[in-house]
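Residue-level structural notes
One-letter residues, chain by chain:
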Amino acid sequence: MDINKLSTITKHNMKRIFTLIPVLAILFFISSCKDKDNNLPTETDKILVNYPWNLTSVTDLSGKTISPTQLNETTRFLPLMNIEFQTGNKVVARGIGDSQVINGGTWYLINENKMIDINVSGFKGQFGLEELSNSKMRLKSTMPVGGVDQEAIMVFTPVIK
């Protein structure tokens, strides 16, 4: 193979490579862009952020109300706050009387919207979303009742102002 022919082949291959670089860059850019429609709020998200929520009772799995005297201090304190799930996965707890923010953190729906992961100091964990409507939210959790851990349901109602 003579040197001129080799030089022509090399130039031709270099032109192909330089033509492919912008095409590959565009394909990479397009494939790395996320579809913003994937982050649209679900119906569950909309119900959660519609109103603040207040803990009205704690029940056992059969629906029998558990006396507040059998609950730990953190759980007994929850009815004194309204829990606000906000867009952007923020959650705040406000005092009922003065609406001051007592605590804050994050929330995420997980496991195909069957659980809610709440990360607030003193109120942290993954809770089973047993029921959610515009009139009631029931969260399932393991909590101390009379000093013994057991599954229980926290019943919240919306605070309509």
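Definitions and limits used
Sequence order as written defines the numbering, with residues in each chain counted from 1. Residues qualify for local features only when their pLDDT is at least 70, as the model is predicted, and side-chain atom pairs are given and counted only at 80 or more; totals for whole chains, interfaces and linings, by contrast, use all residues. The side-chain numbers reported here are obtained from all heavy atoms of the structure, hydrogens and water having been left aside. Think of it this way: any DSSP run of H or I at least four residues long counts as a helix, any run of E at least two long counts as a strand, and we number them from the N terminus. Burial classes: relative accessible area under 20% of the type maximum marks a residue as buried, over 50% as exposed, and values in between as partly exposed (1.4 Å probe, protein chains only). The contact rule is simple, with two residues in contact once any of their heavy atoms fall within 4.5 Å. Any Lys or Arg side-chain nitrogen found within 4 Å of a carboxyl oxygen on Asp or Glu counts as a salt bridge. Paired strands, in this sense, are two strands between which DSSP finds at least two bridges. Cavities and pockets are found on a 1 Å grid laid over the protein atoms alone: a cavity is a set of points where a 1.4 Å probe fits but cannot escape, a pocket is an open set with protein on both sides within 12 Å along at least five of seven lines, and a lining residue has an atom within 4 Å of such a point. Grid points are joined across faces, edges and corners, and a volume is the space filled by probe spheres set on the points. When residues are grouped by polarity, Ala, Val, Leu, Ile, Met, Phe, Trp, Tyr, Cys and Pro land in nonpolar, Asp, Glu, Lys and Arg in charged, and all others, Gly among them, in polar. Within the patch definition used here, like charges are joined within 9 Å and nonpolar side chains (Val, Leu, Ile, Met, Phe, Trp, Tyr) within 5 Å, considering only residues with over 30% relative accessible area and no salt bridge. The Shrake-Rupley method, run with a 1.4 Å probe, gives the accessible areas here. Residue values count only the displayed protein chains as cover. The set of buried Ala, Val, Leu, Ile, Met, Phe, Trp, Tyr and Cys residues whose side-chain atoms join them within 4.5 Å is what this entry labels a nonpolar core. pLDDT is defined as a per-residue confidence score from the predictor, taking values between 0 and 100.

1. Re the side chain of threonine 44
Structurally, threonine 44 is set in helix 2 (residues 43-50). A residue is classified by how much of its surface remains accessible, and threonine 44, at 18% relative accessible area, is buried. When sequence neighbours within four positions are dropped, the list of residues in contact with threonine 44 reads Leu109, Asn113, Leu129 and Leu132.

2. Section: the pattern of salt bridges
In total, this model carries four salt bridges according to the counting rule given. Across the salt bridge formed by glutamate 151 and lysine 140, the nearest N and O atoms sit 3.7 Å from each other. Here lysine 140 lies in strand 7 (residues 137-145) and glutamate 151 lies in strand 8 (residues 148-158), a separation of eleven residues in the sequence.

3. Considerations on the pairing of strand 1 (residues 53-59)
Extensive coverage of strand 1 is indicated by the burial of five of its seven residues. In terms of strand pairing, strand 1 meets strand 8 through six bridges, oriented antiparallel. Residue pairing for strand 8: leucine 55 is matched across the bridge by phenylalanine 156.

4. Overview of the environment of glycine 122
Tracing the chain through its elements places glycine 122 in the loop between strand 5 (115-120) and strand 6 (123-132). Given the relative accessible area of 55%, glycine 122 is considered exposed. Along the primary structure glycine 122 and leucine 78 are separated by 44 residues, whereas in three dimensions their C-alpha atoms are 9.9 Å apart.

5. A word on empty space enclosed by the protein
Scanning the model with the defined rule gives one cavity of 30 Å³ or more in all. By volume, the largest cavity is sized at about 30 Å³. Together, Asn82, Glu84, Arg94, Gly95, Ser99 and Lys161 line the largest cavity. Residue assignment for the lining of the largest cavity shows that the elements contributing at least two residues are strand 2 (81-86) and strand 3 (90-95). Classifying every residue of the lining of the largest cavity gives no nonpolar, three polar and three charged.

6. A short note on a nonpolar patch on the surface
Judged by side-chain polarity, Phe77, Leu80 and Ile102 come together as a nonpolar surface patch covering roughly 280 Å² of accessible area. Inspection of the secondary structure puts phenylalanine 77 in helix 3 (residues 73-77).

7. Quick notes on the nonpolar core
Counting residues in each nonpolar core, the largest one holds 28 residues, and the members touching the most others are Phe85, Ile116, Leu139, Met154 and Phe156. The leading source of residues in this core is strand 7, at four residues. Excluding residues that lie within four positions of it along the chain, phenylalanine 156 makes contacts with Trp53, Asn54, Leu55, Thr56, Ile83, Phe123, Lys136, Met137 and Leu139.

8. Concerning the confidence of the model for the protein chain
Residues at a pLDDT of 70 or more form 75% of the protein chain, whose mean pLDDT is 83. Note on residues 31-37: pLDDT is under 50 here. Beyond four places in sequence and across chains, it has zero contacts.

9. Some remarks on unusual backbone geometry
Where the residue is not glycine, phi is negative for most of them; where a peptide bond is considered, it is trans in most cases. Of note, asparagine 111 is a non-glycine position whose phi angle comes to about 50°, a positive value. With respect to the element layout, asparagine 111 can be found in the loop between strand 4 (101-110) and strand 5. Judged by relative accessible area, which is 49%, asparagine 111 ranks as partly exposed. Positive phi values are uncommon outside glycine, yet asparagine 113 reaches one of about 65°. The residue asparagine 113 is located in the loop between strand 4 and strand 5 in this model.

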